[in-house]
Amino acid sequence: MTAWLPGDWSDAVLLAAVPALAIAIDRLLGEPGLRWHPVAWMGRWLAWAGERLAPRVGEQRVLSDSRVFWFAALSWCGAAAAVFALAWLFQAWVLTQPVWLAALALGLFLKPLLAWAMLHDEVLAVERALGESLDAGRAQLARLVSRDVSQLSPAQVRESAIESLAENLNDSVVAPLFWFALLGLPGAALFRFANTADAMWGYRGVRGGRDWTWAGKWAARADDVLAWVPARITAALIALPAGTAAGPGRLPAEAARTPSPNGGWPMAAMALVLGVQLRKPGVYTLNPEGRSPEGADLLRACAIGSRTVLLATLAACGALLGVLA
């Protein structure tokens with residue numbers, strides 16, 4: 001049985017249903033407002049700190065690269081410790097309450113640390129927008145990705161949407177559930193902080209007029225470490241029903257085509273299961289023998305994503321009870 005669960009079996013059974021409750025809340029209620037969203041709070045602090053840590057391009061450097069790195073690393077560690085401690089204190093208090101109330105509270109507070117319904121709906125909206133016009137499809141895609149979408153073809157818009165769906169299946173669902181199963185709410189909160197920090201700091205060069213080469217290095221590596229196991233679980237859950245199409249022989253080789261140690265795994269699994277190419281020009285091509293994605297492929301990708309979320313949720317609930325070895 002997972003260490004943070006109570007020893008009483010009947011209580012543990014109810015608390016083990018927390019991942020399923022969080023996913024149900026996600027589908028029924030969606031995202032909380034930004035004012036109340038803990039990930040938005042993390043983002044605001046990261047934006048404030050990033051402006052003070054990453055040197056502005058063109059200005060005289062005050063700190064050496066090594067000092068920029070260590071100041072950023074210590075800032076990350078301090079904030080991560082605060083996030084973990086606050087979540088731990090809240091969870092410790094909640095677990096002293098009646099078990100039904102504890103399960104409800106944990107489900108409500110786990111929900112903002114994961115997001116599937118919004119991702120699913122945003123990806124489907126890309127295909128609907130493409131049905132109106134290419135410009136509308138590009139504009140909708142820009143809500144999902146940070147790359148320049150202004151010159152993308154319809155096939156490239158679909159490729160980018162499928163890539164975003166696959167990668168965020170890990171970052172937004174499987175990894176938070178994985179760390180919740182291991183460490184409870186503090187584990188899920190720590191991962192979301194690390195993933196948000198990577199998204200805001202983890203750049204290899206210049207972004208927003210600031211040089212993140214050293215300021216973002218720790219954040220990027222920390223996210224790589226925390227997402228390493230979940231990314232491979234996500235790929236396995238995507239590929240599992242597909243049999244040999246995305247079997248163990250092809251998946252590692254395709255995943256290795258991307259520069260990311262983790263992002264390539266769910267994206268490669270999705271490309272192989274759908275039988276399509278997924279490309280980032282000048283960087284990688286996943287499943288180069290595949291065809292260009294069509295409209296139906298976005299619908300299939302969302303269906304595969306929903307199945308993956310269901311399997312991940314069941315696995316997390318089972319792991320919380322010690323059913324999985």
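Residues numbered from 1 in each chain as written. Predicted model: local features only at pLDDT ≥ 70, side-chain atom pairs only at ≥ 80, totals over all residues. Heavy atoms only, no water.

1. Thoughts on the overall build of the protein
Scanning the protein from terminus to terminus reveals 13 helices and four strands. Whereas a compact globule of 325 residues would reach a radius of gyration of roughly 20 Å, the protein reaches 20 Å, a difference of no more than 12%. Overall size of the protein, expressed as C-alpha extent along the three principal axes, is 55 × 55 × 40 Å. Per-residue burial over the protein gives 51% buried out of 325 residues. Within the protein, contacts between residues at least 6 apart in sequence are counted, and of these 70% link residues at least 24 apart. The centroid of the 27 positive side-chain charges in the protein is displaced by 4 Å from the centroid of its 25 negative side-chain charges. (Helix = DSSP H or I, 4+ residues; strand = E, 2+ residues; numbered from the N terminus. Rg over C-alpha atoms; globule rule 2.2 N^0.38 Å. Buried < 20%, exposed > 50% of the residue type's maximum accessible area, 1.4 Å probe, protein only. Contact = heavy atoms within 4.5 Å. Lys, Arg positive; Asp, Glu negative; His and termini not counted. Charge placed at Lys NZ, Arg CZ, Asp CG, Glu CD.)

2. Here's the deal with the packing of aromatic side chains
Counted under the stated rule, the structure contains eleven aromatic pairs. Measuring from centroid to centroid gives 5.7 Å for Trp76 and Phe193, while their planes differ by 55°, and the two rings are tilted. On the criterion of sequence distance, the pair formed by Trp76 in helix α4 (residues 65-94) and Phe193 in helix α9 (residues 185-201) is long-range, its members being 117 residues apart. Neither Trp76 nor Phe193 differs from the other in exposure class; each is buried. Site record: aromatic cluster; members linked through ring pairs are Trp45, Phe69, Trp70, Trp76, Phe193, Trp201, Trp212, Trp214 and Trp218. For the cation-ring pair, Lys217 lies above Trp214, with the distance from its terminal atom to the ring centre recorded as 5.0 Å. Directly above the ring of Trp228 sits Arg232, whose terminal nitrogen or CZ lies 3.8 Å from the centroid. (Phe/Tyr/Trp six-rings, centres within 6.5 Å; stacked < 30°, edge-to-face > 60°. Lys NZ or Arg CZ within 6 Å of the ring centre and 35° of its normal.)

3. Thoughts on the side chain of Ser164
Summarising the element assignment, Ser164 is placed in helix α8 (residues 154-183). Of the residues examined, Ser164 reaches a relative accessible area of 6% and is grouped as buried. Every residue in contact with Ser164, bar those within four places of it in the chain, is listed here: Leu119, Leu144 and Val145.

4. Some remarks on a nonpolar patch on the surface
On the surface, Leu14, Trp100, Leu101, Leu104, Leu108 and Phe109 cluster together into a nonpolar patch covering about 560 Å² of accessible area. For Leu108, the position within the fold is in helix α5 (residues 99-110). Given the relative accessible area of 41%, Leu108 is considered partly exposed. (Patch = residues over 30% accessible without salt bridge, like charges linked within 9 Å, V, L, I, M, F, W, Y side chains within 5 Å. Areas by Shrake-Rupley, 256 points an atom, 1.4 Å probe, with all protein chains shown as cover. Salt bridge = Lys/Arg side-chain N within 4 Å of Asp/Glu carboxyl O.)

5. A few points about the nonpolar core
Ranked by size, the top nonpolar core spans 96 residues in total, and within it Trp76, Leu110 and Met270 carry the most contacts. In terms of residue count, α8 provides more of this core than any other element does, 13 residues in total. Ignoring anything within four residues of it in the chain, the contact list for Met270 reads Ile162, Leu165, Ala166, Leu169, Ile238, Ala301 and Ile304. (Core = buried A, V, L, I, M, F, W, Y, C linked by side-chain atoms within 4.5 Å.)

6. Remarks on the pattern of salt bridges
Inspection of the entire model under this criterion finds 15 salt bridges. Put simply, Arg56 and Glu59 hold a salt bridge, and the shortest N to O gap is 3.9 Å. A salt bridge links Asp297 to Arg300; the nearest nitrogen and oxygen atoms lie 3.4 Å apart. Of this pair, Asp297 and Arg300 both sit in helix α13 (residues 295-320), three residues apart, roughly one helical turn. A residue is classified by how much of its surface remains accessible, and Asp297, at 2% relative accessible area, is buried. What makes Arg300 partly exposed here is its relative accessible area of 36%. Connected via shared salt-bridge partners are Asp26, Glu31 and Lys111.

7. A look at α4
In this model, α4 (30 residues) spans 43 Å end to end at C-alpha, consistent with the 44 Å of a helix rising 1.5 Å per residue. Next to the buried residues of α4 lie α3 (38-53), α5, α8, α9 and α10 (217-239). (Expected span 1.5 Å × (residues − 1).)

8. Things to note about helix α12 (residues 264-274)
For α12, the tally of buried residues reaches eleven of eleven residues, placing the bulk of the element in the interior. Buried residues of α12: Gly264, Trp265, Pro266, Met267, Ala268, Ala269, Met270, Ala271, Leu272, Val273 and Leu274, and no others. Tucked into the core, α12 has its buried residues touching α8, α10, α11 (251-255), β3 (278-280), β4 (284-286) and α13. Phi turns positive one or two residues past the end of α12, at Gly275, with a value near 75°.

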